[in-house]
Each structure stands twice: as structure tokens, then as C-alpha cells.
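Observations on the model geometry
Next come the chains, spelled out residue by residue.
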Amino acid sequence: MPVLTRLFPLLPRCLPLARALLLGACLALAAGGSAAAPAAAVNAAAASADDVLSSARQTLSDIQKRVGGNLSDDELVALRTSALQVQTQADQVAADLAPALSKVQARLDELGPAPTDKGVTEAPDVATQRAGMERDRQQLDAQLKLARLLSVEGAQAADQLAERRRAQFTAQIGERTASILAAPFWRELRTNLPQDQGRLGQLASELAGAARATAPGIWAALLAAAGAVVALRFWVVRRLLGFMAARVPAGRLRRSLMALVLTLLNVAAPTMVVLLLRAGLTWEAELPDALEHLLLGGVGLVCFGAYVAGLGEALLSVRRPSWRLPPLSDGVSRVLKPYPLLLAAVMVAGWVLEQLTVLVKSGLATAVALECIMALLMGSLLAHGLRRAEQQHRAELAAAQQGQAAAAPVAPGSVPWATVGVTLVWLVLALSLACLLLGYVAIGSFVVKQIAWIATVVASVYLVNALIDDVFVAWLGSPRGDADLAGEDAGTRMRAQGAVLLSALGRLSVLLLALVLVLAPFGQGPLDLAQRAVQLRDGVAIGEVRLQPGTVLQAFAVFIIGVVLVRLAQRWLRDRFLPTTGLDPAMRDSAITLLGYVGSIGALALALSAIGLGLERIAWVASALSVGIGFGLQAVVSNFVSGLILLAERPVKVGDWVSLGGVEGDIRRINVRATEIQMGDRSTVIVPNSEFITKTVRNVTLGSPLGQVTIKFPMPLDTDVERVREVVLNAFRAHEGVLDNPAPNVFLDGIDNGMLVFNANGSVGSPRQSYSVKSALLYEILRGLREAGLPMSKGPTMVLRDAAAAPAG
């Protein structure tokens, strides 16, 4: 006991040391495996992050050095791409380092703080591991901060380069040169022309030398291969037409799919031919880098030109009018047929001439003259094609008005939006012509090229959207297509709705991509818009909730799945379970409706929880909405609660015959806000649910489903009451609508105004039959009384009396 008494005061000081020794022993036992592996992983991650961050820092340093120099648009695009790559790499490094730092911090938290009491030391193994993990934590923390800093700097550099590119584009497009109508322009062109021709001849000599370096046999083989490619293209088109006509069902899907395939084939064949020609030029000779760049760019532009020509041919479909997608007449299609090919040729030629002026370093006057000539040629081509289409359309309209055609064809200008578009194109073409003639060649050429580019994008969007819509409707839609689906089952309607929604999402995506392509020449290229889209992955903060695309899609999926499960449960209850319970149909409908309300609210709550709105936050939202409910939504809430009360207490149910405030009819449906009542004239009255709770309601079918027929009629006092009773009862018994149980009866109600009053009662199967049965019984009773010689009224009585004789004189 004395020893224990002396040891008790030392126990508080020994406990931390004992805990440290025990923890050190446990860590020492696991040091051979569990501690070495995380340390090695941390060291590997840190080393990899150092390499990536060092490279990113050097790239950013190079970009910042070159930003202040004189850079072309291509150089600005390349630098901005590098800056965005730095930002992406830094974000990835930060995303990789954050979990590693969290793990190291968690292990440090498990060790706890180092002992600070005097005389208390921790085990050497624990101290060593603590120091190593603290060193790793500091290293990872420093790298994580550096990665985030480089990400911010990369984003700032990209924004700076994008802003400079837009400013440079604005400055270049507004520059003015000497007008082509002025004499100084032609004098300068005449002066520079011999020198430019000499440089162009030297370039042609290099190409000719490269061509001569290739053996004639090689050229023959390449040309034969090119011919085979062209022949293969026509053979594939014929085979595809036969396959589509035989295997693909008739409809828009066949037309849109064939249009897409024809476009791709028209792109593939010329591209293969140009690649074969380029292979012949580079077979033996090694071209200079500038000339190689020109050939590669030419291949890409020929591919684009072939796409424009093929797209026009596929959409116009002059040879196969029944396969045509746009609502164009045959005449307008024939008129427009040559223009896509001519436009593609002008676009390819214009780009080649522009690159040649850069390659041979021609004079400014030569470059301006070529740019102006190609812009005028392209603008004239667009204007001529538009003019011919309008003339053809007006001729067809005149023929239709004179009765020479069945109906007026649809063509550009026949609908309001097309009229506005055509007028706008004419105004822009006129503006472009004025700019070209006044010396603003850059803006004039840019406007013309933008018209051609936007037309190409619009045609592409039309084709792709038609294909998307046709695919989803064909795979998921109703076999009846766009017909009314009111008579279809729930599964067919759900598939049709899914097809429409998926088609809308696909077409919306295509429209967003088209917007990116249209804005690309204005300095808002795909990289700019894509970078803004990528930045949305962090979400938008609304209060304490951060809405991220992933969480929003997850919440949407949770809600859709919840609603689908609720619908399946309702169908199972309606078709399988409730028919076995013996409940009446009205009670079944009430139970199914209540399940739908509760399930939908639950699905909505789960979806909000997926976003990050828990029940406690929803309570705060409900508290905030209570103010609005008190002012403007109290009637809606009152009707909603009243609807729930009607479904729960069931004072009225579906199928009841009710009378409320002058409205009388059958209840067809009890909704969340109002109840539908069908009146006798087959019209429907919408009554708010609160009316059934706060007002007096007469429910004819609540207590009993039977109807009552009551007929009162007077008879004279001298009528044989037994015979009257017999006639009336025979009429009731003979009618098939009158029930035998309870049996009909005839009562003598009283005497009124010298007439006997009879009261006949009978029961029918439903109150809705009472009116028709009563009418039929009246006909039968009147006929029976007349045949029995029982008049319902007594004839008038006249009393004659002799007058008294007058007294004599």
C-alpha cells in the first residue's frame, strides 16, 4: 500500500510516455511494410510533380518573354495553346497532389501532437516517422501551392493572348489600302508584278523539279490509283443507293443517312486523289518546309472544298428529288446545282493564292489585288446564285397562281425568316462590295468569306440535326411517327418522349458547336470557348451550395430514376396488387394517386440531396417560401392540402355524383389542385379542392349506390284507390330498370284541394338512371290509367235550375 500510494501521483506523468511507447512499438512493427510504401509513393509523386512543374514554369517564362514582341495571328494561337496546356498540367498536378497531402496530414493527425511536457519523450521510431511525414507534408504543400499558382498564371497568360489576338484582329480588319479604282494602286501593282512573277516562276521550277524526280512509272501508278479511287466512289454510291432502297425503311432516316454518306464519299475521293499527287511530288525529292506546309494546307483545303461541294450535292439531290431533305422545289434545286462546286473551287483557289503571296513574299499591291479579285469573284458567285434562285421561285409562284401548278413550292424567301435572311445577305454583300471598292479590302473580303462560311455551317447543322432527329425517332419513337399518341400505351408514349428529349439534347449540342465555329474567325475560337466550358467543372457557388455539372446531372438522373420507379410501383399496384384486395375502384385510384404524390416528393428530395441541399437546408428554403405563401400562394397551398384530405378521408371519390354550389355531376378525377366534375351535358367543370372542404356538398352516391324514383300525382276523390295502386305497381314491376328488392310501393299521401295525392316509390341500380326511369314510368302509368278508365281529373259539373214565376199584375 505505501508503494502504491507513492506511485499514484506519478501516473498522470507516465500516461503520455506509456502511450507514446505503445504507439512507437506498433509503428515499429509496421515500419517494414505500411510505412515504407506510402513514403515511396509520396517521393515518387513529388519527383514527378517537380518535373512537370519545372517544365510548366519554363514554358510560362518563354511565353511571357514573347508576349511583348510583334507576333502574327498563328503565333498568338500557338502561344495561347501552350498557356492553356500549362494550366491543364498544373490543374492535373494539383488534383494528384491534393489526395497525397490529405493522406500525409491524416497520418500526422493519427500520431497526434508531439509531447511538450518536461521529462516526457516519445519513442525514436515515432519521432523519426513524424519528422519524415512533416517533411513530406511541407514538400507536398509547397508543390500544391506552386501548381495552383502556375494554373492561375497560365489562365492569365491565355486571357492576355486572347485579348491581344482580338485587338490585333480588329486593327487589321480596319486597315485601308489604296482603292483598286485609283491609279496609284495599279502603278504600284505594275511595278511589283515582274518581281512577283519571277519568284512565282522559281517556286514553279521547284515543284516541276520535284515532279521530274519521280519516275514515270510511279506517276502512272499514282494516276491509275487516283482513277481507281474516282471509279470506286461512283461504284460505292450506286451500291449504297440500292442497299438503302432495299434495306432501310422509307422515311426521313433513309434520306438523311444517305445525304451524310454521300457527303463523306465526296470528301474522301478528292482527298485521296490529292494525297496521291502529293505523294508523287515527295516520292524522291525533299521539298522545303514552306512548300511542304503549302502542300499540307492544300490537302486540308481540298478536303474542305470537297465537303462543301458534296454537302451541296447531297442536300439539293437533283437526280433523286424524292431523297431531298430541304423543302426546295425541283426547279430551285436545278438552278442551284452548279453553285456549291463553283463556290468550293473559288474558296480553294483563294486560299492557295493567299498562301502563295506569303510564300513568295509578294508586294502589298499584288496581295491586295488577289484578295480583292477573289472576294469579288466569291461575292459575285453568291449574289448570282441567290438571284437565280429568287427568279426561279417567283416564276414558280406565278405559275401556281395561274393554276399551272398544284401548289406553290417552298424556296428561299417563301417564309418570313427566310425572307429576312435573304434580305440580310443582300445588304451584307452590298456592304462588302462597297468596302472592296473603297480600299477596305480586309473587311470586305472577311465579310464575303464569312457569308460563305456561315452558309456552310448552317447547311451542315441542318443535315446533322435532321439525322439526329430521324435516328432517335426511328429507334425510340412511335411506329406512327409524329402522329398523336393519345391512344397509345404508356410505354410507347414514354419512348416517344425520350426520343424527343434525346433529339433535343443532340440538336442543342450541334447548335452550340455551330456557334463556336461561327465565332471562331472573330477571335473566339474553339479553344477559348472550350476553356470556358472546362472552367465550369468547378461549378457555380450559390450560397453554401456549389452547383457542378456532374452533380446536376446526377440529381437529374436520380429524379428521373425515382419518377420511373414510382410509375412502375403505381402500375404494379393498379394491375397486380390492388385488384386482389377487394377495394372499390375509387379507393384504388386514391391510393395510386397518393403514392404518386409521395413518391414524386421523395424523388425530388433525393435529387436535391444529390445536389447538396439536405433536408435541413430544404427546411430553410421552406421557411423562406412561407412568406411568399402567406402573400400569394395561400390559395394554391390550401387547394393542395384539401386535395390530400379528399384523397385520405374520401368524403367524395372518383365516380360519385355530387352537387356543389349549383354544379352537379360525376367526379371524374381528383387532382392535386382541383377536381374535375362532368355534368349532364358532357361538359367538365374544374372545382378547386378547397370548395369541397369549406362548403356544403351533396353526395348522392355516398351512402348507397342505389337511386330512387318518386312519382307524385293527384286523383279525384271518388277514384278506386285499389285499382290505381294496382296500375302503378304493375308499371313499376314491368319496367326492367326498377329493382325487385327493395320492392316498389304506392302510398296515399293525403288529400289536397279535393284531390287524392298518391306517392309511388321505387329503387333503381344507380341515381343516374332515376331520371330516365321516371320518365318511362310516367308514360306507362298514364297509359295504364287511361286504359283502366281512371281519369286523373273530374269533369266540370253544370247545375240547371228553373226560374220562379213572376207575380201577376
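Residues numbered from 1 in each chain as written. Predicted model: local features only at pLDDT ≥ 70, side-chain atom pairs only at ≥ 80, totals over all residues. Heavy atoms only, no water.

Some thoughts on the overall build of the protein
Convention followed: Only DSSP runs of H or I covering at least 4 residues are called helices, and only runs of E covering at least 2 are called strands; the numbering of each starts at the N terminus. Each residue gets one of three labels from its accessible area relative to the maximum for its type: buried under 20%, exposed over 50%, partly exposed in between, using a 1.4 Å probe on protein chains only. Only heavy atoms enter the contact rule, under which two residues are in contact if any of them lie within 4.5 Å. Areas reported here follow the Shrake-Rupley algorithm with a probe of radius 1.4 Å; residue values treat only the protein chains shown as occluding.
Scanning the protein from terminus to terminus reveals 21 helices and 10 strands. The 809 residues of the protein split such that 34% are buried. A separation threshold of at least 6 residues defines the contact pool for the protein, and within that pool the share at least 24 residues apart is 72%. Here the protein has roughly 47700 Å² of accessible surface; of this, 64% comes from carbon and sulfur atoms.

Overview of the pairing of strand E10 (residues 755-764)
Applicable threshold: Here, a strand pair is defined by DSSP locating no fewer than two bridges between the strands.
Where burial is concerned, most of E10 is hidden: 9 out of the 10 residues are buried. The pairing of strand E8 (residues 707-716) with E10 spans 10 bridges and is classified as antiparallel. Bridged to Gly707 within E10 is Val764. Where strand E9 (residues 745-752) and E10 come together, 7 bridges link them in antiparallel fashion. Opposite Gly750, over in E10, you have Val757 as the bridge partner.

Description of the nonpolar core
Counted only if it meets this: Here, nonpolar core refers to any group of buried Ala, Val, Leu, Ile, Met, Phe, Trp, Tyr and Cys residues whose side-chain atoms link them within 4.5 Å.
With 31 residues, the main nonpolar core has Ile63, Val93, Leu97, Leu140, Leu150 and Leu161 as its most contacted residues. Elements represented by at least two residues in this core include exactly helix H2 (11-67), helix H3 (73-111) and helix H4 (124-173). At 14 residues, H3 tops the list of elements feeding residues into this core. Counting 22 residues, the second-largest nonpolar core is a separate cluster that includes Val724, Val728, Leu785 and Leu790.

Focus: helix H8 (residues 289-316)
Put simply, the test is: Each helix should span, by expectation, one fewer than its residue count multiplied by 1.5 Å.
The terminal C-alpha atoms of H8 lie 41 Å apart, and with 28 residues this matches the ideal 40 Å at 1.5 Å per residue to within 8%. Positive backbone phi, at 45°, marks Ser317, one or two positions downstream of H8.

A short note on the packing of H8 against helix H10 (residues 339-359)
Heads up, the condition is: To obtain each axis, a line is fitted to C-alpha atoms, and for helices this fit is confined to the stretch in contact; angles are then taken between N-to-C directions over 0 to 180 degrees. Between 65 and 115 degrees an angle is taken as roughly perpendicular, under 35 as roughly parallel, over 145 as roughly antiparallel, and anywhere else as oblique. The hand of a helix crossing depends on one turn: near helix anticlockwise from the far one by less than a right angle means left-handed, and clockwise means right-handed. Residues were grouped as follows: Ala, Val, Leu, Ile, Met, Phe, Trp, Tyr, Cys and Pro as nonpolar; Asp, Glu, Lys and Arg as charged; and all remaining residues, including Gly, as polar.
At their nearest, the axes of H8 and H10 sit 8 Å apart, and the two run at 165° to each other. By the criterion of interaxial angle, the relationship of H8 to H10 is roughly antiparallel. For the element pair H8 and H10, the recorded crossing hand is right-handed. Considered class by class, the residues forming the contact of H8 with H10 number 17 nonpolar, 5 polar and no charged.

Focus: the environment of Leu359
Inspection of the secondary structure puts Leu359 in helix H10. Expressed as a C-alpha distance, the spacing of Leu359 and Leu200, which sit 159 residues apart in the sequence, is 9.0 Å. Excluding anything up to four places from it in sequence, Leu359 contacts Leu203, Ala290, Leu291 and Leu294.

Brief notes about the packing of helix H6 (residues 216-247) against helix H7 (residues 252-281)
Describing two packed helices takes the angle between their axes plus the distance from one axis to the other. Packing of H6 against H7 leaves a shortest axis separation of 9 Å and a crossing angle of 175°. Taken together, the axis directions place H6 and H7 in an arrangement best described as roughly antiparallel. Of the residues contributing to the contact of H6 with H7, the split by class is 25 nonpolar, 2 polar and 2 charged.

Side note on unusual backbone geometry
The omega torsion across Asn741 and Pro742 is 0°, close enough to zero to call that bond cis. Here the phi dihedral of Ser317 falls at roughly 45°; this positive angle occurs in a residue that is not glycine. Examined against the element boundaries, Ser317 turns out to sit in the loop between H8 and helix H9 (330-336). Residue class for Ser317 comes out buried when judged on its relative accessible area of 8%. Unlike most non-glycine residues, Arg682 shows phi in positive territory, near 75°. One can find Arg682 in the loop between strand E5 (674-679) and strand E6 (684-688). Looking at Arg682, the relative accessible area reads 62%, which means it is exposed.

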